[in-house]
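# Coordinate inspection notes
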Amino acid sequence: MKRAVFLLLSLLSSAESGSLLMDSAGGLRLKMPSISTSSGVVTVISSPGTSSILSVSDEVLSLESEDPPCLACRGATLSGTSAVERSALATCSVVSGAILVDGITEGDVEAGWRNSRHARTLTALFRARIALDSSTKQALILCIKGEIDASAESALRAEVKALFDATAAESEGKIVFADFYDVSIVSVYDETGAKEAMELAREAAAENAEGGTTLASALEEAHERVRASGIASVALDPPHVAQAFVAVGNAYSKYARFARAKIVGWKNRVARGLWVDGFGTDAETLRKRVLGSFDSETLAAAGLPLVAPYRLEMRSQLADLVDSSIRDVFSSQVTNLEKSTIKKLRAQLLKKLDTPPEDAPSENAAAMRAASFAFDSTMSDLEVPSLSLTKAKSCREMESKLTDEVMGFADSPAAQIKRTKKVTKITNKEKKPGQRSIDFGLDLVAMLRPDGFGSLQGYAGYQLGGNSVTFGVHNDADDPQTIAQFGGVRPPLLRIQPKLRVDVEM
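Residues numbered from 1 in each chain as written. Predicted model: local features only at pLDDT ≥ 70, side-chain atom pairs only at ≥ 80, totals over all residues. Heavy atoms only, no water.

## Observations regarding the sheet that holds strand 11 (residues 494–505)
- Strand order in the open sheet formed by four strands is 9-10-8-11, and the pairing between neighbours is mixed. In this open sheet, the two strands that pair with only one neighbour each are strand 9 (457–464) and strand 11. Averaged over all pairs of adjacent strands, the angle between strand axes in this sheet comes to 10°, irrespective of strand direction.
- On the sheet, helix 12 (residues 360–382) packs against strand 9 and strand 10 (467–474) and is oriented at approximately 160° with respect to strand 9.
- Sitting on the sheet, helix 13 (residues 392–408) is in contact with strand 8 (437–448), strand 9 and strand 10, with an inclination near 15° to strand 9. (Pairing = 2+ DSSP bridges. Helix = DSSP H or I, 4+ residues; strand = E, 2+ residues; numbered from the N terminus. Axes fitted to C-alpha atoms, helices over the stretch in contact; angles between N-to-C directions. Contact = heavy atoms within 4.5 Å.)

Rendered as structure tokens:
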């Protein structure tokens, strides 16, 4: 025992041991010999009110030993931490290669760190290194005044990382805990444990040493950076605030993954030219579930002024993710449905191409009504009213497209090919001798398009001998879609297309 005490005292002894480095006003007192930092800097952070084997100082910041340089700093408390104390913690965080956090009791470990003084100490250390963009990794050694089992150690590591993630959420960009710290957890309840912890800190500090400079210069530079950044003037967040930041971030990640998984399934089906049955109901359910679950899990954060803006931002991003994806899937489904409806209408018109001329208008109108009804019914299943994704505009545009399709189908390539095949088939048949004749016929097609937005349409036809008349009415002259088809001008009120038919038999 005497030999262990002697070794520990040899580590902490020097001519300047216990000398004050920062006064009560926050100014540095750097009247010390030239001490090199080539072997790294170690800092012991004690917990006020808890005895420490590693440090005997209770000052804000003091020098414990010279080789290697070992600083002693006072940790945070739940009752309040002054700007000077926060400045000392931040300075040690920047200048040290290894930090020993002492005074952690078994009760602290069992109760968790959510509302402990050690959580506030680590928040100050983390905030300084993140804000000042420290480039080297630091050893963080947690000294437990008692034994700790594997499960408690794992839980303690997770809580430390959660505190770091909460602090990192205050800054922009991706910040990874493993890039900043190597965490070790040791038991320090006697001189032997204290010696082992100090040896571990010395080795880590030597590995993380940045170069040959003096301790006074390093402290002065770090203190100036802390002062210029203003981080010491910001009161330490209570631990439950840090945990609230983490809870909001975790909730966002959880429900963003859940929403993406559902949306990917929809997009895969739509990419095959199909649409999702019951999409409207499923989209409403997904939206309510994701946002509702996020709200319930982060409700406590809504009452914290420091966390509420962050929660609102994360909720807005989550809503944008879900809503924009639903809009994209809806738009793609409408496009697929339009293509499918027009394709089916063309097939029906092609089947009715051989219909007698006097029955053709009514047959074509019936096919168009059936296609329009099917489109309307499917669109009712796709509507998402909460996002103003309704069928009204799509049905109106589709009706205009169907009308144009019926009007122009007789001259379409498919109709011409079928007529050509029919003529070819007839001409290839052996004909019986008959009388020579030449017959003439007139086909007259007229379309009346009065003012309106497409709410009324109809067709009528009449045939007499080899002559036929087809007359249609569609009040869509004011419809923007129709005007766009005519190059930005209103369509003519009456359009007449006469056709002269000549049948020659030789």
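## Some points on the nonpolar core
- Ranked by internal contacts, the top residues of the largest apolar core, which has 53 residues, are Trp266, Phe279, Phe294, Val307, Leu318, Ile326 and Met379.
- Those elements that place two or more of their residues in this core are helix 5 (150–168), helix 8 (239–271), helix 9 (279–297), helix 11 (308–351), helix 12 and helix 13.
- Looking at this core element by element, the count peaks at 14 residues for helix 11.
- Apart from the residues within four sequence positions on either side, Phe279 is in contact with Trp266, Ile326, Val329, Phe330, Gln333, Asp381, Leu382 and Val384.
- Ranked by size, the runner-up nonpolar core spans 50 residues in total, among them Val60, Val94, Leu122 and Ala218. (Core = buried A, V, L, I, M, F, W, Y, C linked by side-chain atoms within 4.5 Å. Buried < 20%, exposed > 50% of the residue type's maximum accessible area, 1.4 Å probe, protein only.)

## A word on helix 13
- Its 17 residues give helix 13 an end-to-end C-alpha distance of 25 Å, which sits within 8% of 24 Å, the value for a rise of 1.5 Å per residue.
- Every buried residue of helix 13 is accounted for by Ser394, Cys395, Met398, Ser400, Leu402, Thr403, Glu405 and Val406.
- Buried residues in helix 13 make contact with helix 11, helix 12, strand 9, strand 10 and helix 15 (480–485). (Expected span 1.5 Å × (residues − 1).)

## Focus on the packing of helix 9 against helix 11
- Look at helix 9 against helix 11: their axes get within 10 Å of each other, and the N-to-C directions meet at 170°. By the criterion of interaxial angle, the relationship of helix 9 to helix 11 is roughly antiparallel. For the pair formed by helix 9 and helix 11, the contact residues are Phe279, Ala283, Arg287, Val290, Leu291, Phe294 and Asp295 on the first element and Arg311, Met314, Arg315, Leu318, Ala319, Val322, Asp323, Ile326, Val329, Phe330 and Gln333 on the second. (Parallel < 35°, antiparallel > 145°, perpendicular 65-115°, else oblique.)

## Some details on the packing of helix 2 (residues 83–95) against helix 7 (residues 215–229)
- At a minimum axis distance of 9 Å, the contact between helix 2 and helix 7 shows a crossing angle of 125°. With respect to their mutual orientation, helix 2 and helix 7 come out oblique. Between helix 2 and helix 7 lies a crossing of right-handed hand. Each of Ser87, Ala90, Thr91, Val94 and Val95 in helix 2 lies in contact with helix 7, whose residues at this interface are Ala218, Leu219, Ala222, His223, Arg225 and Val226. (Left-handed = near helix turned anticlockwise from the far one by under 90°.)

## As for the pattern of salt bridges
- Here the structure, examined in full by the defined rule, presents 14 salt bridges.
- Asp476 is the salt-bridge partner of Arg449, the closest N and O atoms lying 2.9 Å from each other. Of the two residues, Arg449 sits in the loop between strand 8 and strand 9 while Asp476 sits in the loop between strand 10 and helix 15, which places them 27 residues apart along the sequence.
- Given a relative accessible area of 10%, Arg449 falls into the buried group.
- Taken together, the shared-partner salt bridges in this structure form one network comprising Asp295, Arg311 and Arg315. (Salt bridge = Lys/Arg side-chain N within 4 Å of Asp/Glu carboxyl O.)

## Concerning the pairing of strand 2 (residues 42–46)
- With five of its five residues buried, strand 2 lies for the most part within the structure.
- Of the two faces of strand 2, both are covered, the one formed by Val42, Val44 and Ser46 as well as the one formed by Thr43 and Ile45.
- In terms of strand pairing, strand 2 meets strand 5 (residues 98–105) through four bridges, oriented parallel. By the bridge assignment, Ile45 is partnered in strand 5 with Val101.

## Quick notes on the side chain of Ser293
- Mapped onto the elements of the fold, Ser293 is located in helix 9.
- According to the relative accessible area criterion, Ser293 is buried, its value standing at 18%.
- Apart from the residues lying within four places of it in its own chain, the contact partners of Ser293 are Tyr255 and Lys288.

## Some details on the packing of aromatic side chains
- The final tally for this structure, using the stated rule, is eight aromatic pairs.
- Ring centres 5.3 Å apart and planes at 75° place the aromatic pair Phe126 and Phe164 in the edge-to-face group. Of the two residues, Phe126 sits in helix 4 (residues 117–131) while Phe164 sits in helix 5, which places them 38 residues apart along the sequence.
- On the basis of relative accessible area, Phe126 is assigned to the buried category, the value being 0%.
- The class for Phe164 is buried, based on a relative accessible area of 0%.
- Geometrically, the ring pair formed by Phe164 and Phe177 is edge-to-face, given 5.0 Å between the ring centres and 65° between the ring planes. One end of the pair, Phe164, is in helix 5; the other, Phe177, is in the loop between helix 5 and strand 7 (181–187), and 13 residues separate them in sequence.
- Connected via pairs of aromatic rings, a cluster forms that spans Phe126, Phe164, Phe177, Phe180 and Tyr181.
- A cation over an aromatic ring shows up here: Arg129 above the ring of Tyr181, its NZ or CZ 5.3 Å from the ring centre. (Phe/Tyr/Trp six-rings, centres within 6.5 Å; stacked < 30°, edge-to-face > 60°. Lys NZ or Arg CZ within 6 Å of the ring centre and 35° of its normal.)

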